[in-house]
Structures are given as structure tokens and as C-alpha cells.
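Chain by chain, the residues run as shown.
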Amino acid sequence: MNKEMRLQEAGNALEPLMAHKFSVIDEIEPGVKSPIEALSEDHTVGLYLDVVPRKVREQLAGFKEISLGYLRPHTNENAEGQEAIYLEAEELRNCQFRAEWLQYMEEGWWATVDEVEYPAREVLGALYYVTKTYGQAHIYLNTQVPMPLWIRPVPLSQPDDGEFVQIMIQARSQGKFIPTNIHTEVSMEFARRWVAAVHGYYKKL
């Protein structure tokens, strides 16, 4: 089975678990190629094989393996104003970071968020899919900046040649997602078009 088919199969299996539809792409836009990936319609969940997002690779040192019990469950309003269950990484409350660490920016600023949490439905759906498909699941949290929660079937210490689907779930704060660029690769030339919008995402210090 080729990469596109494997990602599409994973997306189809995850759709009823997460209530997201996934599209497989290997271009950021026509003519702008990137390694293959599958993203949910709102870009809050990403599926990957041998290449994970560049922004995750840049912050790799901050990721550590956690258990599900490390995240505190609580209810909060989601983007639609409905009550939903979230899982919070309490140690990341009011964390400070440079905005360019999460986005493709040549110059950023010190920013903060009130809390870092992940929607329980997406997390549990990802864990179920990965465990059912591969027999085990490992959860990785970046304990330094609000990066996506990373769920994969093998530890980071184990070499991965792209056999396995890995899932990343964007962080939220107060029910709204904290935008981290979860494309596998984006050129600065392409990213410059969207930099102005980034200034409204985070709290500036």
C-alpha cells in the first residue's frame, strides 16, 4: 500500500472517532510541494508517516513521553460554545515562548497562553486507533512550549522508517486552538503571505 492510501485509510478510520474529515496532500498549494501528510478540515489534527512537521522537529528536545493520567480532565466551552471535555497539561499554564517557535516567522515576540489543553475526543480517538492498529501507543507532550500532542505506536528512541501513522493534535487554550504550523514543510516565501494574521493568535508580553 502506498503512502497516500495508508494515510487515507487512517483518516477514514479516524473520522467517526474524532468527527473530522481528513485530506491527504503533498502540496501546500499547487506547485508548492511538501512531504505527504493528511490534515483535518480545520488543520487541528495531522497524520504523518516518515516526516513530521518541521516546527515539531525544531522543538524535538522539549518532548517527553507521558501517560494519559498526566493530563487533567475538565470541561470547557469549545469553539462552537458547547461544553466539551479537555485534557490539560497543568505545568504549561502561562508558559512563555517565542511566537516564531510555533509559526514560520523570521522575527517573533515573547508570547504566552493561559493554559494548554487537548480535546479529549481527539486524544482518545487517536489512542484507540493507534493501539488497535499497532498494538500499543506512546503519548509525547512538549513540556516547554504549546506544541501538538504527539501519539505514535513506537517510542521516539526507536528508529521509524515511515511504516507507522503518527498523529498530532493541536493544543487549545480556553477552547480555542493554539495555532502551530503542522505542515511537514513550508518555505518562508510561502509563509510570508500569512505572517500578518499570526499577530492576532497569542498574548504578547
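All values derive from a computational prediction rather than experimental measurement.

(A) Up close: the layout of surface pockets. Taken as a whole, the largest pocket spans an internal volume of roughly 450 Å³. Elements with a minimum of two residues in the lining of the largest pocket: strand E6 (83–88), helix H3 (120–134) and strand E14 (176–177). Here the residues of the lining of the largest pocket sort into nine nonpolar, four polar and seven charged. Of the pockets and cavities examined, the second largest pocket occupies roughly 390 Å³. For the second largest pocket, the lining is made up of 21 residues, of which His-43, Gln-103, Asn-181, His-183 and Tyr-201 are closest to its centre. Among the elements that make up the lining of the second largest pocket, the one with the highest residue count is helix H5 (residues 195–198) (three residues). Per-class residue counts for the lining of the second largest pocket are 14 nonpolar, six polar and one charged.

(B) Representation of H3 in the model. With 15 residues, H3 extends 21 Å from end C-alpha to end C-alpha; this agrees with the ideal 21 Å at 1.5 Å per step. Taken together, the buried positions of H3 are occupied by Ala-120, Glu-122, Val-123, Gly-125, Ala-126, Leu-127, Tyr-129 and Val-130.

(C) Layout of the sheet that holds strand E4 (residues 63–66). Strand order in the open sheet made by the seven strands is E1-E2-E3-E12-E11-E10-E4, with antiparallel pairing throughout. Two strands close off the open sheet at either side, each with one partner strand: strand E1 (22–29) and E4. Direction aside, neighbouring strands of the sheet carry axes that sit 30 degrees apart on average. Of the strands in this sheet, E1, strand E2 (32–40), strand E3 (45–48) and strand E12 (166–169) touch helix H1 (residues 3–18), which is tilted by about 130 degrees from E1.

(D) Structural detail: unusual backbone geometry. You will see that His-43, though not glycine, has its phi angle at about 60 degrees, which is positive. Within the secondary structure layout, His-43 lies in the loop between E2 and E3. With a phi close to 55 degrees, Asn-94 is a non-glycine residue in the positive phi region. Tracing the sequence through the fold places Asn-94 in the loop between E6 and strand E7 (96–98).

(E) Spatial organisation of the pattern of salt bridges. Using the criterion set out here, one finds 15 salt bridges in the structure. Among the ionic pairs, Lys-3 bridges to Asp-50, the shortest N-O distance being 2.9 Å. With Lys-3 in helix H1 and Asp-50 in the loop between E3 and helix H2 (54–58), this residue pair connects regions lying 47 residues apart in the sequence. Its relative accessible area of 37% is what places Lys-3 among the partly exposed residues. We note a salt bridge from Asp-114 to Lys-203, for which the minimum N-O separation is 2.8 Å. Taken together, the positions of Asp-114 in the loop between strand E8 (110–112) and strand E9 (117–119) and Lys-203 in strand E15 (residues 203–204) put the pair 89 residues apart, joining distant regions of the chain.

Calculation notes
Residues numbered from 1 in each chain as written. Predicted model: local features only at pLDDT ≥ 70, side-chain atom pairs only at ≥ 80, totals over all residues. Heavy atoms only, no water. 1 Å grid on protein atoms, 1.4 Å probe; cavity = no way out; pocket = protein on both sides within 12 Å on 5 of 7 lines; lining within 4 Å. Points joined across faces, edges and corners; volume = space filled by probe spheres on them. Helix = DSSP H or I, 4+ residues; strand = E, 2+ residues; numbered from the N terminus. Nonpolar A, V, L, I, M, F, W, Y, C, P; charged D, E, K, R; others polar. Expected span 1.5 Å × (residues − 1). Buried < 20%, exposed > 50% of the residue type's maximum accessible area, 1.4 Å probe, protein only. Pairing = 2+ DSSP bridges. Axes fitted to C-alpha atoms, helices over the stretch in contact; angles between N-to-C directions. Contact = heavy atoms within 4.5 Å. Salt bridge = Lys/Arg side-chain N within 4 Å of Asp/Glu carboxyl O.

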